[in-house]
Amino acid sequence: MVDFALTDEQRSLQELARKFARTEMLPQAAACDKAGRFPEEIYRKGFELGLMNLNVPTEYGGSGLSVFDQCLIVEELARACGGMTTSIIANCLALEPILLGGTEEQRRRLLPPFCASYHLASFCLTEPGGGSDAGGLQTRATKDGDGYVVDGEKCFITNGPHASLYTVFATVDPTLRHRGITAFAIPRDSEGVVPGKDEEKMGHRASSTGTIRFEKVRVPADQRLGPEGEGFGLAMRTLDHTRTPIGALATGIAQAAIDYAAAYALKRHSFGKPIAEHQAIQLKLANMAQSIEAARLLTWRAASLIDGGQRGTLESSIAKCFASDAAMRVADEAVQIFGGYGYMRDYPVEKLLRDAKLTQIYEGANEIQRLVIARELLTRYA
Ligand code: COS
(Lines give C-alpha, C1' and ligand atoms only; values in the text may rest on other atoms or scores of the structure.)
Protein backbone atom coordinates (compact mmCIF):
# COMPACT_ATOMS: atom_id res chain seq x y z
CA MET A 1 0.00 0.00 0.00
CA VAL A 2 1.24 3.51 -0.74
CA ASP A 3 0.92 5.56 2.43
CA PHE A 4 1.71 9.25 2.32
CA ALA A 5 0.48 10.01 5.84
CA LEU A 6 2.85 12.66 7.16
CA THR A 7 4.69 12.17 10.43
CA ASP A 8 4.51 14.78 13.20
CA GLU A 9 8.01 15.88 12.26
CA GLN A 10 7.01 16.36 8.61
CA ARG A 11 3.96 18.36 9.66
CA SER A 12 6.23 20.58 11.77
CA LEU A 13 8.54 21.15 8.78
CA GLN A 14 5.53 21.99 6.62
CA GLU A 15 4.24 24.39 9.27
CA LEU A 16 7.65 26.07 9.64
CA ALA A 17 7.83 26.64 5.88
CA ARG A 18 4.20 27.78 5.69
CA LYS A 19 4.70 30.32 8.45
CA PHE A 20 7.88 31.69 6.88
CA ALA A 21 6.16 31.84 3.50
CA ARG A 22 3.14 33.72 4.86
CA THR A 23 4.92 36.11 7.18
CA GLU A 24 8.17 36.84 5.32
CA MET A 25 7.73 35.99 1.64
CA LEU A 26 4.11 36.72 0.76
CA PRO A 27 4.00 40.31 2.04
CA GLN A 28 6.95 41.16 -0.24
CA ALA A 29 6.09 38.95 -3.21
CA ALA A 30 4.12 41.44 -5.32
CA ALA A 31 6.53 44.34 -4.73
CA CYS A 32 9.62 42.23 -5.53
CA ASP A 33 7.90 40.92 -8.63
CA LYS A 34 7.05 44.42 -9.80
CA ALA A 35 10.50 45.85 -9.12
CA GLY A 36 12.45 42.73 -10.10
CA ARG A 37 14.07 42.97 -6.69
CA PHE A 38 16.24 40.18 -5.23
CA PRO A 39 15.20 40.26 -1.55
CA GLU A 40 18.39 39.02 0.01
CA GLU A 41 17.14 39.89 3.53
CA ILE A 42 14.39 37.28 3.10
CA TYR A 43 16.85 34.68 1.83
CA ARG A 44 19.07 35.32 4.83
CA LYS A 45 16.11 34.73 7.16
CA GLY A 46 15.31 31.54 5.26
CA PHE A 47 18.90 30.44 5.73
CA GLU A 48 18.71 31.12 9.46
CA LEU A 49 15.60 28.96 9.72
CA GLY A 50 17.35 26.08 7.94
CA LEU A 51 15.33 26.42 4.72
CA MET A 52 18.39 26.58 2.47
CA ASN A 53 20.86 23.70 1.89
CA LEU A 54 18.01 21.28 2.57
CA ASN A 55 19.82 18.38 0.91
CA VAL A 56 23.17 18.84 2.65
CA PRO A 57 23.64 16.19 5.36
CA THR A 58 23.80 17.38 8.95
CA GLU A 59 27.41 16.20 9.28
CA TYR A 60 28.38 19.07 6.95
CA GLY A 61 26.03 21.48 8.76
CA GLY A 62 23.02 21.27 6.43
CA SER A 63 19.41 20.29 7.07
CA GLY A 64 19.96 16.71 5.87
CA LEU A 65 16.41 16.29 4.63
CA SER A 66 15.06 13.55 2.41
CA VAL A 67 13.82 14.56 -1.05
CA PHE A 68 10.29 13.98 0.23
CA ASP A 69 10.77 16.41 3.11
CA GLN A 70 12.36 18.92 0.75
CA CYS A 71 9.23 18.71 -1.40
CA LEU A 72 6.97 19.46 1.56
CA ILE A 73 8.95 22.63 2.29
CA VAL A 74 9.29 23.72 -1.33
CA GLU A 75 5.55 23.45 -2.01
CA GLU A 76 4.76 25.67 0.99
CA LEU A 77 7.34 28.28 -0.02
CA ALA A 78 6.13 28.33 -3.61
CA ARG A 79 2.57 29.05 -2.51
CA ALA A 80 3.91 32.45 -1.46
CA CYS A 81 6.38 33.16 -4.29
CA GLY A 82 7.82 30.90 -6.98
CA GLY A 83 10.71 33.23 -7.71
CA MET A 84 11.87 33.52 -4.12
CA THR A 85 11.56 29.76 -3.77
CA THR A 86 13.77 29.23 -6.79
CA SER A 87 16.47 31.38 -5.22
CA ILE A 88 16.11 29.72 -1.81
CA ILE A 89 16.50 26.20 -3.21
CA ALA A 90 19.21 26.99 -5.79
CA ASN A 91 21.93 25.96 -3.33
CA CYS A 92 20.46 22.45 -3.28
CA LEU A 93 20.99 22.19 -7.05
CA ALA A 94 24.44 23.77 -6.99
CA LEU A 95 25.76 21.72 -4.06
CA GLU A 96 24.32 18.38 -5.19
CA PRO A 97 27.26 17.67 -7.60
CA ILE A 98 29.61 18.08 -4.62
CA LEU A 99 27.49 15.66 -2.58
CA LEU A 100 27.26 13.13 -5.39
CA GLY A 101 30.62 13.53 -7.10
CA GLY A 102 32.98 15.05 -4.55
CA THR A 103 35.46 13.16 -2.39
CA GLU A 104 34.94 13.15 1.36
CA GLU A 105 37.75 15.71 1.63
CA GLN A 106 36.01 17.98 -0.90
CA ARG A 107 32.65 17.64 0.84
CA ARG A 108 34.24 18.57 4.19
CA ARG A 109 36.05 21.52 2.62
CA LEU A 110 33.38 22.89 0.28
CA LEU A 111 30.02 22.32 1.99
CA PRO A 112 30.31 23.61 5.60
CA PRO A 113 30.88 27.27 4.62
CA PHE A 114 27.42 27.27 2.99
CA CYS A 115 25.83 25.93 6.14
CA ALA A 116 27.79 28.02 8.66
CA SER A 117 26.71 31.36 7.21
CA TYR A 118 24.58 32.69 4.37
CA HIS A 119 26.25 32.09 1.01
CA LEU A 120 24.85 31.26 -2.39
CA ALA A 121 26.11 28.74 -4.91
CA SER A 122 25.09 28.30 -8.55
CA PHE A 123 24.86 25.31 -10.87
CA CYS A 124 26.44 26.20 -14.22
CA LEU A 125 25.48 23.83 -17.02
CA THR A 126 23.50 25.83 -19.59
CA GLU A 127 25.33 27.87 -22.22
CA PRO A 128 24.23 30.55 -24.67
CA GLY A 129 24.67 28.07 -27.53
CA GLY A 130 22.52 25.34 -25.99
CA GLY A 131 20.63 24.23 -22.92
CA SER A 132 18.75 21.08 -23.85
CA ASP A 133 21.75 19.48 -25.55
CA ALA A 134 23.85 19.44 -22.41
CA GLY A 135 26.22 16.90 -23.95
CA GLY A 136 27.22 19.48 -26.58
CA LEU A 137 28.42 22.16 -24.17
CA GLN A 138 31.44 24.15 -25.30
CA THR A 139 33.08 25.55 -22.17
CA ARG A 140 36.62 24.19 -22.29
CA ALA A 141 38.70 22.72 -19.49
CA THR A 142 42.28 22.54 -20.70
CA LYS A 143 44.85 20.64 -18.70
CA ASP A 144 47.45 23.05 -17.26
CA GLY A 145 50.17 21.56 -15.06
CA ASP A 146 48.49 19.96 -12.09
CA GLY A 147 45.22 21.78 -12.76
CA TYR A 148 42.95 23.11 -15.53
CA VAL A 149 42.13 26.32 -17.29
CA VAL A 150 38.39 26.76 -17.69
CA ASP A 151 37.21 29.04 -20.48
CA GLY A 152 33.65 29.67 -21.61
CA GLU A 153 30.31 31.22 -20.86
CA LYS A 154 27.29 29.98 -18.92
CA CYS A 155 23.86 31.57 -19.02
CA PHE A 156 20.49 31.56 -17.22
CA ILE A 157 22.35 30.84 -14.00
CA THR A 158 20.07 31.09 -10.95
CA ASN A 159 21.60 33.34 -8.27
CA GLY A 160 24.66 33.59 -10.54
CA PRO A 161 25.43 37.26 -9.93
CA HIS A 162 25.19 36.72 -6.13
CA ALA A 163 26.94 33.37 -5.73
CA SER A 164 30.28 32.74 -4.10
CA LEU A 165 30.81 29.28 -5.65
CA TYR A 166 29.95 27.81 -9.02
CA THR A 167 29.65 24.13 -9.89
CA VAL A 168 30.69 24.24 -13.51
CA PHE A 169 30.50 21.68 -16.29
CA ALA A 170 33.20 22.00 -18.95
CA THR A 171 34.65 19.70 -21.58
CA VAL A 172 38.23 18.47 -21.79
CA ASP A 173 37.56 17.56 -25.44
CA PRO A 174 34.40 18.63 -27.29
CA THR A 175 34.86 15.90 -29.91
CA LEU A 176 34.13 13.38 -27.13
CA ARG A 177 30.68 14.95 -26.64
CA HIS A 178 29.29 13.97 -23.21
CA ARG A 179 32.30 11.71 -22.48
CA GLY A 180 34.55 14.79 -22.29
CA ILE A 181 32.45 16.67 -19.76
CA THR A 182 34.07 17.25 -16.38
CA ALA A 183 32.73 19.01 -13.29
CA PHE A 184 34.54 21.65 -11.22
CA ALA A 185 33.82 23.74 -8.14
CA ILE A 186 35.01 27.25 -8.94
CA PRO A 187 35.01 30.03 -6.32
CA ARG A 188 33.72 33.35 -7.56
CA ASP A 189 36.85 35.14 -6.39
CA SER A 190 39.02 33.11 -8.81
CA GLU A 191 40.75 35.36 -11.32
CA GLY A 192 38.80 35.45 -14.58
CA VAL A 193 35.32 34.77 -13.17
CA VAL A 194 33.08 37.51 -14.54
CA PRO A 195 29.44 37.51 -13.42
CA GLY A 196 27.20 39.31 -15.89
CA LYS A 197 24.04 41.32 -15.50
CA ASP A 198 20.79 40.14 -14.00
CA GLU A 199 18.34 39.19 -16.74
CA GLU A 200 14.95 40.93 -16.96
CA LYS A 201 12.52 38.03 -16.74
CA MET A 202 8.83 37.49 -17.39
CA GLY A 203 8.33 35.72 -14.04
CA HIS A 204 10.34 34.58 -11.03
CA ARG A 205 11.37 38.20 -10.85
CA ALA A 206 12.46 37.98 -7.21
CA SER A 207 15.11 35.48 -8.19
CA SER A 208 18.29 36.43 -9.93
CA THR A 209 19.35 34.91 -13.24
CA GLY A 210 22.54 35.84 -14.98
CA THR A 211 25.42 35.03 -17.25
CA ILE A 212 28.80 33.97 -15.85
CA ARG A 213 31.92 34.16 -17.97
CA PHE A 214 34.94 32.04 -17.09
CA GLU A 215 37.84 33.78 -18.78
CA LYS A 216 40.82 31.43 -18.66
CA VAL A 217 40.16 30.63 -15.01
CA ARG A 218 42.88 28.53 -13.38
CA VAL A 219 41.29 25.70 -11.40
CA PRO A 220 43.43 23.43 -9.21
CA ALA A 221 42.93 19.69 -9.63
CA ASP A 222 41.49 19.41 -6.12
CA GLN A 223 38.50 21.45 -7.31
CA ARG A 224 37.57 18.84 -9.93
CA LEU A 225 34.46 16.92 -8.90
CA GLY A 226 34.75 13.29 -9.89
CA PRO A 227 36.92 11.85 -12.65
CA GLU A 228 37.59 13.57 -15.95
CA GLY A 229 34.84 12.80 -18.46
CA GLU A 230 32.29 11.82 -15.83
CA GLY A 231 30.71 15.22 -15.39
CA PHE A 232 27.78 14.56 -17.69
CA GLY A 233 26.53 11.60 -15.67
CA LEU A 234 27.04 13.69 -12.54
CA ALA A 235 24.89 16.49 -13.97
CA MET A 236 22.18 13.99 -14.91
CA ARG A 237 22.22 12.34 -11.48
CA THR A 238 22.02 15.77 -9.89
CA LEU A 239 18.99 16.65 -11.99
CA ASP A 240 17.33 13.34 -11.12
CA HIS A 241 17.37 14.55 -7.51
CA THR A 242 16.42 18.17 -8.07
CA ARG A 243 13.68 17.87 -10.70
CA THR A 244 11.31 16.35 -8.13
CA PRO A 245 11.39 19.44 -5.88
CA ILE A 246 10.65 21.49 -9.01
CA GLY A 247 7.49 19.38 -9.25
CA ALA A 248 6.73 20.50 -5.70
CA LEU A 249 7.47 24.11 -6.58
CA ALA A 250 5.03 23.94 -9.50
CA THR A 251 2.43 22.26 -7.25
CA GLY A 252 2.80 25.14 -4.79
CA ILE A 253 2.16 27.70 -7.54
CA ALA A 254 -0.92 25.72 -8.63
CA GLN A 255 -2.17 25.45 -5.05
CA ALA A 256 -1.88 29.22 -4.63
CA ALA A 257 -3.83 29.69 -7.87
CA ILE A 258 -6.76 27.54 -6.76
CA ASP A 259 -6.72 29.12 -3.29
CA TYR A 260 -7.13 32.57 -4.80
CA ALA A 261 -9.60 31.43 -7.46
CA ALA A 262 -11.91 29.52 -5.11
CA ALA A 263 -11.98 32.36 -2.56
CA TYR A 264 -12.72 34.87 -5.33
CA ALA A 265 -15.43 32.66 -6.85
CA LEU A 266 -17.26 32.58 -3.52
CA LYS A 267 -17.38 36.33 -3.16
CA ARG A 268 -17.74 37.54 -6.75
CA HIS A 269 -21.37 37.66 -7.90
CA SER A 270 -22.86 37.43 -11.38
CA PHE A 271 -26.41 36.71 -12.50
CA GLY A 272 -27.56 37.20 -8.91
CA LYS A 273 -25.33 34.66 -7.16
CA PRO A 274 -21.69 33.93 -6.34
CA ILE A 275 -19.90 32.73 -9.47
CA ALA A 276 -18.88 29.64 -7.45
CA GLU A 277 -22.49 28.53 -7.85
CA HIS A 278 -22.24 28.50 -11.63
CA GLN A 279 -21.34 25.13 -13.07
CA ALA A 280 -18.95 26.79 -15.54
CA ILE A 281 -16.80 27.81 -12.58
CA GLN A 282 -17.31 24.59 -10.62
CA LEU A 283 -16.08 22.51 -13.56
CA LYS A 284 -12.95 24.64 -13.76
CA LEU A 285 -12.29 24.32 -10.02
CA ALA A 286 -12.84 20.56 -10.18
CA ASN A 287 -10.34 20.17 -13.02
CA MET A 288 -7.85 22.39 -11.22
CA ALA A 289 -8.19 20.35 -8.01
CA GLN A 290 -7.60 17.09 -9.90
CA SER A 291 -4.48 18.44 -11.57
CA ILE A 292 -3.05 19.64 -8.26
CA GLU A 293 -3.77 16.39 -6.47
CA ALA A 294 -2.16 14.35 -9.26
CA ALA A 295 0.87 16.67 -9.41
CA ARG A 296 1.40 16.38 -5.65
CA LEU A 297 1.06 12.61 -5.62
CA LEU A 298 3.43 12.13 -8.57
CA THR A 299 5.94 14.40 -6.87
CA TRP A 300 5.67 12.60 -3.56
CA ARG A 301 5.98 9.22 -5.28
CA ALA A 302 9.12 10.24 -7.18
CA ALA A 303 10.60 11.62 -3.95
CA SER A 304 9.82 8.41 -2.05
CA LEU A 305 11.46 6.28 -4.72
CA ILE A 306 14.62 8.40 -4.73
CA ASP A 307 14.72 8.40 -0.93
CA GLY A 308 14.39 4.62 -1.09
CA GLY A 309 17.60 4.47 -3.11
CA GLN A 310 16.20 4.21 -6.64
CA ARG A 311 17.57 6.36 -9.45
CA GLY A 312 14.14 7.87 -10.09
CA THR A 313 15.01 9.24 -13.53
CA LEU A 314 11.64 8.31 -15.02
CA GLU A 315 9.59 9.32 -12.01
CA SER A 316 11.32 12.65 -11.41
CA SER A 317 10.86 13.62 -15.05
CA ILE A 318 7.18 12.61 -14.90
CA ALA A 319 6.70 14.61 -11.68
CA LYS A 320 8.45 17.72 -12.99
CA CYS A 321 6.76 17.61 -16.37
CA PHE A 322 3.24 16.85 -15.13
CA ALA A 323 3.33 19.29 -12.23
CA SER A 324 4.68 22.18 -14.30
CA ASP A 325 2.11 21.61 -17.06
CA ALA A 326 -0.54 21.39 -14.32
CA ALA A 327 0.68 24.67 -12.81
CA MET A 328 0.29 26.39 -16.19
CA ARG A 329 -3.23 25.01 -16.71
CA VAL A 330 -4.33 25.82 -13.18
CA ALA A 331 -2.86 29.34 -13.16
CA ASP A 332 -4.43 29.98 -16.56
CA GLU A 333 -7.85 28.91 -15.26
CA ALA A 334 -7.38 31.04 -12.14
CA VAL A 335 -6.81 34.08 -14.37
CA GLN A 336 -9.94 33.13 -16.33
CA ILE A 337 -12.04 32.84 -13.15
CA PHE A 338 -10.87 36.30 -12.08
CA GLY A 339 -11.86 37.55 -15.56
CA GLY A 340 -10.64 41.07 -16.35
CA TYR A 341 -9.29 41.46 -12.83
CA GLY A 342 -7.17 38.36 -13.36
CA TYR A 343 -5.27 40.14 -16.09
CA MET A 344 -4.47 43.10 -13.87
CA ARG A 345 -1.26 43.48 -11.90
CA ASP A 346 -3.23 44.53 -8.81
CA TYR A 347 -4.50 40.96 -8.45
CA PRO A 348 -2.23 38.04 -7.61
CA VAL A 349 -3.05 35.47 -10.27
CA GLU A 350 -1.33 36.89 -13.37
CA LYS A 351 1.99 36.58 -11.48
CA LEU A 352 1.25 32.92 -10.86
CA LEU A 353 0.77 32.36 -14.59
CA ARG A 354 4.09 34.06 -15.36
CA ASP A 355 5.84 32.14 -12.59
CA ALA A 356 4.33 28.82 -13.66
CA LYS A 357 5.74 29.24 -17.18
CA LEU A 358 9.34 28.93 -16.07
CA THR A 359 8.68 25.59 -14.40
CA GLN A 360 8.01 24.15 -17.85
CA ILE A 361 11.38 25.41 -19.04
CA TYR A 362 14.05 25.24 -16.35
CA GLU A 363 15.82 22.16 -14.96
CA GLY A 364 15.20 20.64 -18.37
CA ALA A 365 12.47 21.83 -20.74
CA ASN A 366 9.38 19.65 -20.66
CA GLU A 367 10.20 18.43 -24.17
CA ILE A 368 13.41 17.00 -22.67
CA GLN A 369 11.43 15.47 -19.78
CA ARG A 370 9.19 13.74 -22.32
CA LEU A 371 12.26 12.49 -24.17
CA VAL A 372 13.70 11.11 -20.92
CA ILE A 373 10.35 9.53 -20.02
CA ALA A 374 10.03 7.87 -23.43
CA ARG A 375 13.61 6.57 -23.35
CA GLU A 376 13.25 5.18 -19.83
CA LEU A 377 9.93 3.63 -20.73
CA LEU A 378 11.21 1.98 -23.89
CA THR A 379 14.14 0.36 -22.11
CA ARG A 380 11.53 -1.53 -20.07
CA TYR A 381 10.10 -3.04 -23.26
CA ALA A 382 13.37 -3.71 -25.08
N1 COS B 1 21.89 9.24 -14.52
C2 COS B 1 23.12 8.74 -14.80
N3 COS B 1 23.63 8.70 -16.07
C4 COS B 1 22.84 9.15 -17.07
C5 COS B 1 21.55 9.67 -16.85
C6 COS B 1 21.07 9.69 -15.51
N7 COS B 1 19.87 10.16 -15.22
N8 COS B 1 21.02 10.04 -18.02
C9 COS B 1 21.93 9.76 -18.97
N10 COS B 1 23.03 9.22 -18.38
C11 COS B 1 24.23 8.73 -19.04
C12 COS B 1 23.84 7.68 -20.07
O13 COS B 1 23.77 6.40 -19.47
C14 COS B 1 25.00 7.77 -21.05
O15 COS B 1 26.10 7.10 -20.50
P16 COS B 1 27.23 6.35 -21.39
O17 COS B 1 28.18 7.39 -21.82
O18 COS B 1 27.84 5.39 -20.45
O19 COS B 1 26.52 5.72 -22.54
C20 COS B 1 25.30 9.26 -21.04
O21 COS B 1 24.81 9.77 -19.81
C22 COS B 1 24.69 10.02 -22.19
O23 COS B 1 23.29 9.89 -22.10
P24 COS B 1 22.36 10.14 -23.37
O25 COS B 1 22.84 9.32 -24.52
O26 COS B 1 20.95 9.97 -22.94
O27 COS B 1 22.66 11.69 -23.70
P28 COS B 1 22.01 12.66 -24.75
O29 COS B 1 23.06 13.58 -25.23
O30 COS B 1 21.19 11.92 -25.75
O31 COS B 1 21.00 13.62 -23.91
C32 COS B 1 19.50 14.57 -22.33
C33 COS B 1 20.47 13.44 -22.74
C34 COS B 1 18.80 15.24 -23.47
C35 COS B 1 18.50 13.87 -21.44
C36 COS B 1 20.35 15.59 -21.51
O37 COS B 1 21.21 16.30 -22.35
C38 COS B 1 19.50 16.55 -20.72
O39 COS B 1 18.98 16.23 -19.64
N40 COS B 1 19.36 17.81 -21.21
C41 COS B 1 18.68 18.83 -20.45
C42 COS B 1 19.65 19.52 -19.55
C43 COS B 1 18.95 20.31 -18.48
O44 COS B 1 18.11 19.81 -17.75
N45 COS B 1 19.34 21.56 -18.34
C46 COS B 1 18.83 22.40 -17.32
C47 COS B 1 19.96 22.86 -16.51
S48 COS B 1 19.51 23.32 -14.90
S49 COS B 1 18.46 24.93 -15.06
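Chemist: Just checking my understanding: could you explain the nonpolar core for this structure?
Modeler: It is characteristic of soluble globular proteins that their nonpolar side chains tend to be buried jointly. In this structure, L249, L285, M288, I337 and L352 are the most contacted members of the largest nonpolar core, which totals 43 residues. Elements with a contribution of two residues or more to this core: α3 (67-80), α7 (231-267), α8 (279-307), α9 (313-338) and α10 (349-359). Among the elements that take part in this core, α7 stands out by supplying 12 residues, more than any other. Setting aside residues up to four positions removed in sequence, L249 forms contacts with V74, A78, G82, T85, T86, I89, H204, T359 and Y362. Among the nonpolar cores identified, the runner-up in size contains 41 residues, and L13, M52, Y118 and C124 belong to it.

Chemist: Please explain the packing of aromatic side chains as it appears in this structure.
Modeler: The way to describe two aromatic rings as a pair is by their centre distance and the angle between their planes. Here the structure, examined in full by the defined rule, presents 11 aromatic pairs. Both rings, one in F38 and one in Y43, keep their centres 4.9 Å apart while their planes meet at 65 degrees; by these two values the pair is edge-to-face. The buried category is assigned to F38, whose relative accessible area is 13%. Using a relative accessible area of 1% as the deciding quantity, one classes Y43 as buried. Ring centres of F68 and W300 lie 5.2 Å apart, and the angle between their planes is 50 degrees; on these two criteria the pair is classed as tilted. Here F68 is found in helix α3, whereas its partner W300 is found in helix α8, with 232 residues between them in sequence.

Chemist: Would you mind going over the site of the ligand with me for this structure?
Modeler: Neighbouring the ligand are 22 residues, the closest being S132, H178, D240, R243 and R375. Here A134 contributes a backbone N or O atom positioned 3.5 Å from an oxygen atom of the ligand. At a separation of 2.8 Å, an oxygen atom of the ligand approaches a polar side-chain atom of R243. Bound to the protein, the ligand loses 71% of the 1000 Å² it would expose on its own. Mapped onto the shell around the ligand, the elements with two or more residues apiece are α7 and α11 (366-379). Among the elements that line the shell around the ligand, the one with the most residues is α7, at six residues. For the shell around the ligand, a count of residues per class yields eight nonpolar, six polar and eight charged.

Procedures and definitions
Residues numbered from 1 in each chain as written. Predicted model: local features only at pLDDT ≥ 70, side-chain atom pairs only at ≥ 80, totals over all residues. Heavy atoms only, no water. Core = buried A, V, L, I, M, F, W, Y, C linked by side-chain atoms within 4.5 Å. Buried < 20%, exposed > 50% of the residue type's maximum accessible area, 1.4 Å probe, protein only. Helix = DSSP H or I, 4+ residues; strand = E, 2+ residues; numbered from the N terminus. Contact = heavy atoms within 4.5 Å. Phe/Tyr/Trp six-rings, centres within 6.5 Å; stacked < 30°, edge-to-face > 60°. Near = heavy atom within 4 Å. Polar contact = N/O pair within 3.5 Å; in protein donor to acceptor, adjacent residues only side chain to side chain. Areas by Shrake-Rupley, 256 points an atom, 1.4 Å probe, with all protein chains shown as cover. Nonpolar A, V, L, I, M, F, W, Y, C, P; charged D, E, K, R; others polar.

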